Amino acid sequence: MSQRAAFAEFDAACLADFAGNGMADTGTYRSPDGDETAITYLFDDVQFADVGEAGARVLVRERQIGLMLGEVTPVENGRVIGDDGRTWRLVSATGEIDDSMSWWFVAPYRGEA
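None of these values were measured; they are calculated from a predicted model.

Caption draft 1: Region of the structure containing the side chain of Arg30. Relative to the helices and strands, Arg30 is located in strand 1 (residues 25-30). A distance of 2.5 Å separates the side chain of Arg30 from the side chain of Glu36, its partner in a polar contact.

Structure, rendered in structure tokens:
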């Protein structure tokens with residue numbers, strides 16, 4: 001097994017353990033075409049951002065979801081329907097991606113789940 005594959009497998013195992021201990025969420029990913037896949041994901045609603053010419057680090061409210069690429073290939077306007085009842089629309093990729101996970105800016109989805 002390559003190091004790349006080993007790290008992807010490790011990340012998937014960690015996220016499953018996180019979900020089992022309340023540090024990650026489970027739910028369903030629904031593609032814009034309506035295909036559904038069971039997923040485990042990370043949710044983060046507070047981020048630091050660089051603003052201004054000096055690049056000052058400030059705390060801003062941005063909602064992001066990290067999705068495991070081994071479970072799903074996320075695309076813009078896909079939805080994450082959490083087992084906790086919250087539904088999120090994938091707005092745009094954050095640019096943070098590796099072989100295991102892709103992070104997305106999300107917005108609450110208030111339409112029909």
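Caption draft 2: The arrangement of the pairing of strand 5 (residues 64-68) in detail. Where burial is concerned, most of strand 5 is hidden: 5 out of the 5 residues are buried. Neither face of strand 5 is exposed, since Gln64, Gly66 and Met68 on one face and Ile65 and Leu67 on the opposite face are all buried. By the bridge criterion, 4 bridges tie strand 2 (residues 36-44) to strand 5 in an arrangement that is antiparallel. Paired with Leu42 across the strands is Gly66, a residue of strand 5.

Caption draft 3: Region of the structure containing the sheet that holds strand 8 (residues 101-108). Strand order in the closed barrel made by the 6 strands is 1-2-5-8-7-6, with antiparallel pairing throughout. On average, each strand axis in the sheet is tilted by 45° relative to the strand beside it, whichever way the strands run. Two elements, strand 1 and strand 6 (residues 79-82), share 4 bridges in a ladder whose sense is antiparallel. Within the sheet, the bridge partner assigned to Tyr29 lies in strand 6 and is Val80. Contacts between helix 1 (residues 3-20) and the sheet are confined to strand 1, strand 2, strand 5 and strand 8, with strand 2 contributing the most and set at about 75° to the helix.

Caption draft 4: Representation of the pattern of salt bridges within the structure. Applying the stated criterion across every chain yields a total of 3 salt bridges. Between Arg86 and Asp84 there is a salt bridge, with the nearest N and O atoms lying 2.9 Å from each other. Classification of Arg86 as partly exposed rests on a relative accessible area of 33%.

Caption draft 5: Structural context of the environment of Tyr109. By secondary structure assignment, the location of Tyr109 is in the segment after strand 8. Residues Tyr109 and Arg89, 20 residues apart in the sequence, show an inter-C-alpha distance of 5.6 Å. When sequence neighbours within four positions are dropped, the list of residues in contact with Tyr109 reads Arg79, Thr87, Trp88 and Arg89.

Caption draft 6: Here's a closer look at unusual backbone geometry. With phi around 75°, Asn77 is a residue other than glycine that occupies positive phi space. In this structure, Asn77 sits in the loop between strand 5 and strand 6.

Caption draft 7: Quick look at the pairing of strand 2. Strand direction decides the pairing type here: strand 1 and strand 2, joined by 6 bridges, are antiparallel. The residue of strand 2 that forms the bridge with Thr28 is Ala38. Hairpin connection between strand 1 and strand 2: a loop of 5 residues separates the two successive antiparallel strands, and Gly34 in this loop has a positive phi of roughly 95°.

Cut-offs applied
- Residues numbered from 1 in each chain as written.
- Predicted model: local features only at pLDDT ≥ 70, side-chain atom pairs only at ≥ 80, totals over all residues.
- Heavy atoms only, no water.
- Helix = DSSP H or I, 4+ residues; strand = E, 2+ residues; numbered from the N terminus.
- Polar contact = N/O pair within 3.5 Å; in protein donor to acceptor, adjacent residues only side chain to side chain.
- Buried < 20%, exposed > 50% of the residue type's maximum accessible area, 1.4 Å probe, protein only.
- Pairing = 2+ DSSP bridges.
- Axes fitted to C-alpha atoms, helices over the stretch in contact; angles between N-to-C directions.
- Contact = heavy atoms within 4.5 Å.
- Salt bridge = Lys/Arg side-chain N within 4 Å of Asp/Glu carboxyl O.

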